[in-house]
Amino acid sequence: MLWQRIRNKQLGAKFRRQHIIDDYIVDFVCLQHQLIIEVDGKYHAGGEQKEFDAVREQKLKSEGYYILRFTNEEVINNLDQTIECIKKHLI
């Protein structure tokens, strides 16, 4: 759902899907604005995955990226609000 709203420069910036950065594959990235968008399922909420995500996020931030995280539920139930949040970070 999200990809259909951000692809083809619909927000004025080019996004790539499932893009490799360093040793990681990010859900979506706008290289021009160094903005990463991650959409997390429930398995990101705890345990080892949460720790892995924290290390991964720190590494990507150290390379100059800003990371927006949304849950699957946010994207599904509040897509317009999600898009507005992304737009704010493209200015």
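What counts, and where the lines are drawn
Residues numbered from 1 in each chain as written. Predicted model: local features only at pLDDT ≥ 70, side-chain atom pairs only at ≥ 80, totals over all residues. Heavy atoms only, no water. Helix = DSSP H or I, 4+ residues; strand = E, 2+ residues; numbered from the N terminus. Rg over C-alpha atoms; globule rule 2.2 N^0.38 Å. Buried < 20%, exposed > 50% of the residue type's maximum accessible area, 1.4 Å probe, protein only. Contact = heavy atoms within 4.5 Å. Areas by Shrake-Rupley, 256 points an atom, 1.4 Å probe, with all protein chains shown as cover. Lys, Arg positive; Asp, Glu negative; His and termini not counted. Charge placed at Lys NZ, Arg CZ, Asp CG, Glu CD.

Undergrad: What should I look at first to understand the overall build of the protein in this one?
TA: Regarding its fold elements, the protein presents 4 helices and 4 strands. In the protein, the succession of α and β elements from N to C terminus is α-β-β-β-α-β-α-α. Relative to its length of 91 residues, the protein is compact, with a C-alpha radius of gyration of 13 Å against a globular reference of 12 Å. Summarising its shape, the C-alpha atoms of the protein cover approximately 35 × 30 × 20 Å along the three principal directions. Here the protein holds 91 residues, and the buried ones make up 38% of them. Of the contacts formed within the protein by residues at least 6 apart in sequence, a portion of 53% connects residues at least 24 apart. Accessible area of the protein: about 5,900 Å², with a carbon and sulfur share of 47%. Separation between the mean location of the 14 positive side-chain charges and that of the 14 negative ones in the protein comes to 8 Å.

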